[in-house]
Amino acid sequence: MNVSDIAKPHDRLAAWLAQDMGAVNDLIQDRMASRHAPRIPEVTRHLVDAGGKRLRPMLTLAAAHLCGYKGPYHIHLAATVEFIHTATLLHDDVVDESAQRRGRPTANLLWDNKSSVLVGDYLFSRSFQLMTETGSIDVLRILSDASATIAEGEVLQMTAAQDLATDEGVYLQVVRGKTAALFSAATEVGGVIAGADDTVVKALYDYGDALGIAFQIVDDLLDYQGQSAATGKNVGDDFRERKLTLPVIKAVAKADAEERAFWSRTIEKGHQEDGDLEHALDLLHRHETLEATKIDAVAWAEKAKQAMARMPAHDLRDMLIDLADYVVERIN
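Asks: Outline the overall build of the protein, listing residues and values.
Replies: Along the backbone of the protein there are 17 helices and two strands. Residue pairs at least 24 apart in sequence account for 74% of intrachain contacts in the protein once pairs closer than 6 positions are excluded. Accessible surface computed for the protein: about 14800 Å², of which carbon and sulfur atoms make up 50%.

Asks: Help me get a handle on the side chain of Ser147, residues and values and all.
Replies: Note on placement: Ser147 falls in helix 8 (residues 137-160). Using a relative accessible area of 11% as the deciding quantity, one classes Ser147 as buried. Sequence-distant contacts of Ser147, that is, excluding residues within four places in its chain, are made with Ile84, Phe124 and Phe128.

Asks: Tell me about the packing of helix 10 (residues 198-225) against helix 17 (residues 315-329), and please be specific about residues and values.
Replies: Two quantities define a packed helix pair, namely the angle between the axes and the distance from one axis to the other. At a minimum axis separation of 9 Å, helix 10 and helix 17 run at an interaxial angle of 20 degrees. In terms of their interaxial angle, helix 10 and helix 17 are classed as roughly parallel. The hand of the helix 10/helix 17 crossing is left-handed. Where helix 10 approaches helix 17, its residues Tyr207, Leu211, Ala214, Phe215 and Val218 are matched on the opposing element by Leu320, Leu323, Ala324, Val327 and Val328. A class-by-class count of the residues in the contact of helix 10 with helix 17 yields ten nonpolar, no polar and no charged.

Asks: Can you tell me about empty space enclosed by the protein, naming the residues and giving the values?
Replies: Summed over the entire model, instances satisfying the criterion amount to four cavities of 30 Å³ or more. Roughly 110 Å³ of volume is contained in the largest cavity. What lines the largest cavity is a set of 14 residues, and nearest its centre among them are Gln157, Tyr171, Val174, Leu244 and Thr245. With four residues, the single largest contributor to the lining of the largest cavity is helix 9 (residues 168-193). Taken together, the residues that form the lining of the largest cavity break down as six nonpolar, four polar and four charged. Here the second largest cavity is characterised by a volume of approximately 50 Å³. Forming the boundary of the second largest cavity are His10, Lys53, Leu55, Phe215, Leu323, Tyr326, Val327 and Arg330. A total of three residues in the lining of the second largest cavity trace back to one element, the largest contributor, which is helix 17. Across the lining of the second largest cavity, the residue classes tally to five nonpolar, one polar and two charged.

Asks: How would you explain the pattern of salt bridges if you had to name every residue and give the values?
Replies: With the rule as written, the count across this model stands at 19 salt bridges. Linking Arg310 and Asp206 is a salt bridge whose minimum nitrogen-to-oxygen distance equals 3.1 Å. Pair noted here: Arg310 is in the loop between helix 16 (289-308) and helix 17 and Asp206 is in helix 10, with a separation of 104 residues, a long-range link. The exposure class assigned to Asp206 is buried, which follows from its relative accessible area of 19%. Residue Glu259 pairs with Arg286 through a salt bridge whose shortest N-O separation is 3.0 Å. Here the residue Glu259 occupies a position in helix 14 (residues 257-268), and Arg286 occupies one in helix 15 (residues 276-286), the gap between them amounting to 27 residues. Classification of Arg286 as partly exposed rests on a relative accessible area of 48%.

Asks: Describe helix 14, listing the residues and the values that go with them.
Replies: Of the residues making up helix 14, those classed as buried are Glu259, Phe262, Trp263, Ser264, Thr266 and Ile267. Tucked into the core, helix 14 has its buried residues touching helix 12 (237-240), helix 13 (246-253) and helix 15. One side-chain oxygen of the residue at the start of helix 14 lies 3.2 Å from the amide nitrogen of Glu258, identifying that residue as Asp256.

Asks: Lay out unusual backbone geometry in plain terms, naming residues and giving numbers.
Replies: In the Ramachandran plot, Arg242 falls in the positive-phi region, its phi being about 60 degrees despite a non-glycine side chain. By secondary structure assignment, the location of Arg242 is in the loop between helix 12 and helix 13. In this structure, Glu288 takes a positive phi of about 55 degrees despite not being glycine. Tracing the backbone shows Glu288 in the loop between helix 15 and helix 16.

Asks: Before we move on, can you summarise the packing of aromatic side chains with the specific residues and values?
Replies: Scanning the model with the defined rule gives four aromatic pairs in all. With 6.5 Å between their ring centres and 75 degrees between their planes, Phe239 and Trp263 make a pair best called edge-to-face. On the criterion of sequence distance, the pair formed by Phe239 in helix 12 and Trp263 in helix 14 is long-range, its members being 24 residues apart. Looking at Phe239, the relative accessible area reads 1%, which means it is buried. Trp263 sits in the buried class, given a relative accessible area of 1%. Clustering of aromatic rings is evident, with ring pairs tying together Phe239, Phe262 and Trp263. The ring of Trp300 has Lys303 lying over it, and the distance from NZ or CZ to the ring centre is 3.9 Å. The ring of Phe215 carries Arg330 above its face, with NZ or CZ at 4.9 Å from the centroid.

What counts, and where the lines are drawn
- Residues numbered from 1 in each chain as written.
- Predicted model: local features only at pLDDT ≥ 70, side-chain atom pairs only at ≥ 80, totals over all residues.
- Heavy atoms only, no water.
- Helix = DSSP H or I, 4+ residues; strand = E, 2+ residues; numbered from the N terminus.
- Contact = heavy atoms within 4.5 Å.
- Areas by Shrake-Rupley, 256 points an atom, 1.4 Å probe, with all protein chains shown as cover.
- Buried < 20%, exposed > 50% of the residue type's maximum accessible area, 1.4 Å probe, protein only.
- Axes fitted to C-alpha atoms, helices over the stretch in contact; angles between N-to-C directions.
- Parallel < 35°, antiparallel > 145°, perpendicular 65-115°, else oblique.
- Left-handed = near helix turned anticlockwise from the far one by under 90°.
- Nonpolar A, V, L, I, M, F, W, Y, C, P; charged D, E, K, R; others polar.
- 1 Å grid on protein atoms, 1.4 Å probe; cavity = no way out; pocket = protein on both sides within 12 Å on 5 of 7 lines; lining within 4 Å.
- Points joined across faces, edges and corners; volume = space filled by probe spheres on them.
- Salt bridge = Lys/Arg side-chain N within 4 Å of Asp/Glu carboxyl O.
- Polar contact = N/O pair within 3.5 Å; in protein donor to acceptor, adjacent residues only side chain to side chain.
- Phe/Tyr/Trp six-rings, centres within 6.5 Å; stacked < 30°, edge-to-face > 60°.
- Lys NZ or Arg CZ within 6 Å of the ring centre and 35° of its normal.

Dropping the structure here:
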């Protein structure tokens, strides 16, 4: 089958990059090994084998190819990006006390919180070993900055997620930290390792940033209107975990005194009762905040497409433009 015959842009991208992704997977398997601590590969393999789209490493590979890179280090960088992502997932599940990810029990549930945190730390360390092997100080700066920004975004979310004063500006700052920072770093380093000029690298960064924001907004929206079988999450998990995501932030902004008291009780104070999720969903529909959130996601996807359109003509460029559309099509 030709790549052009594959319907979904993510799958077309995976087919085009299949040989490189095979090398990335081999490198991941090699570097997640530990001779002295067998629990490290056990925990890591549980998460790696759960699947996932491997979108972030593919963005790095695609960006490098778009810029004509011929060397070996895009494989290292793609593995680095995936290790950083996997480490953050392990840490996130501990912080959120999650029991399910990608439709499977989380590592912290199967083992314990200590194992998840420490294996996450190991993967962060491995990611830094990989990125230094490229010999590029710019790559090291971009990915280390992204790692710090991700941690900062998670801490900001922890303090802002249950505060009704959190507005859309703070939400965007959180999203840029916890999600978009790694997307933009993934695309940016692909251009940097290829020696692309500043305008090309900026276009790649802008694409990753906007795509990551759209991706997270869609993820937050699907928490209230998605199907568990498709998302691997239970509908309303963010509400139960008292997270102020964009649909709720928009509803709080339109709330009357009675509605604000409801959000204060359920989100700020954490006093949730039977029927509260259904009432929350009713408020979101009443104020049309799910539709407004979808409009925001589409706008960010459009920004991603505009950034990628600045790149030279290439099959990969077209796939990445289509990918931005596909991210928001998940909510239709």
